[in-house]
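Fold and geometry: a report
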Amino acid sequence: MKNASHADSIEKAILYIAKNYQRQPSLGEVADQVHLSKYHFQRIFRKWAGITPKQFLQYITVEHAKKCLELGRSTLGTAYDVGLSGNGRLHDAFIKIEACTPGEFQKRGVGMTLQYDTIDSPFGKLVVAESKWGICQMEFLQSPISPQEVLAALFPEAHFLKGLGVHGLRVQAYFATWDIPREQIVLDLRGTPFQVSVWKALLSIPAATFLAYKDIAQKVQKPNAVRAIGSAIGKNPVAYLIPCHRVIRESGEIGDYGWGKHRKMMINSYESAKY
């Protein structure tokens, strides 16, 4: 079976588990859904997702989401204040943000030269675009849209050069080893001041911890702007590194994700198992 076929099988399995988690389907039942033996399915699922199907099932239950939410909300101040570090935390020692001016934000790539290429991650293929200042876009690719189409829609006036820049190479190495880079990964973000403040707040969320939109609103000192917070999170330009996947609904439901709800489940279950 080719890699593309494996990816399709894993995606179908994830969607099936997510839909039927309340029944706690067996390994054999899920394997039957993708027409594989349970032993072969277990092996390729672990290869692609980094965890076993059983671990994935465990970490997407509502009860687990609620426990993570309760933990996150009760320890939010501590997490922000003590500066937890390690592979499970994307923080200022790892990610540096350089935000553009409002004028630059409106230019949509005029005069910019962006280096770009695709990289592999445990959660799917990503396209990375980098300006002379840092990574300005990182998106999970969703077939049939090509990397060129994704970036042309976002930066219609930019000039593109194929190949990873220095920060893109650091991200590629990070996904290969999960070691914090010795040098910072710089993000060149194009957004309103409010959006950038929300994206910065997301960087402080530890891995394997879920927070509610209300918590982020409190962090940016806009407690009544929950709807605007959700909108800003939805426009996050840098997948995974700015961990919008760690924000869920206050009820404990996993919520939507710009790159697919099943991918959000996979990322959070992987982090919960790893950290």
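Residues numbered from 1 in each chain as written. Predicted model: local features only at pLDDT ≥ 70, side-chain atom pairs only at ≥ 80, totals over all residues. Heavy atoms only, no water.

Some details on the packing of aromatic side chains
- Evaluated as defined, the whole model comprises 13 aromatic pairs.
- Seen from their ring centres, Y174 and F175 are 5.9 Å apart, and the 50° between their planes marks the pair as tilted. As far as burial versus exposure is concerned, Y174 and F175 are alike and both buried.
- Taking 5.2 Å as the distance between ring centres and 70° as the angle between the ring planes, the aromatic pair formed by Y174 and W178 counts as edge-to-face.
- Look at W178 and you get buried, because its relative accessible area is 8%. (Phe/Tyr/Trp six-rings, centres within 6.5 Å; stacked < 30°, edge-to-face > 60°. Buried < 20%, exposed > 50% of the residue type's maximum accessible area, 1.4 Å probe, protein only.)

As for the packing of helix α9 (residues 193-202) against helix α11 (residues 226-234)
- Viewed as axis vectors pointing N to C, α9 and α11 meet at an angle of 80°, and their least axial separation amounts to 9 Å. One way to sum up the angle between α9 and α11 is to call them roughly perpendicular. Mapping the contact onto sequence places F194, Q195, V198, W199 and L202 in α9 and A228, I229, A232 and I233 in α11. (Axes fitted to C-alpha atoms, helices over the stretch in contact; angles between N-to-C directions. Helix = DSSP H or I, 4+ residues; strand = E, 2+ residues; numbered from the N terminus. Parallel < 35°, antiparallel > 145°, perpendicular 65-115°, else oblique. Contact = heavy atoms within 4.5 Å.)

Let's talk about the nonpolar core
- Formed by 65 residues in total, the largest nonpolar core has its most connected members in F41, F123, F175, L187, L202, I216 and L241.
- Counting residues per element, this core draws most heavily on helix α1 (residues 3-20), at six residues.
- In terms of nonpolar packing, the next biggest core, distinct from the first, is built from 11 residues, M112, L114, V150 and A158 among them. (Core = buried A, V, L, I, M, F, W, Y, C linked by side-chain atoms within 4.5 Å.)

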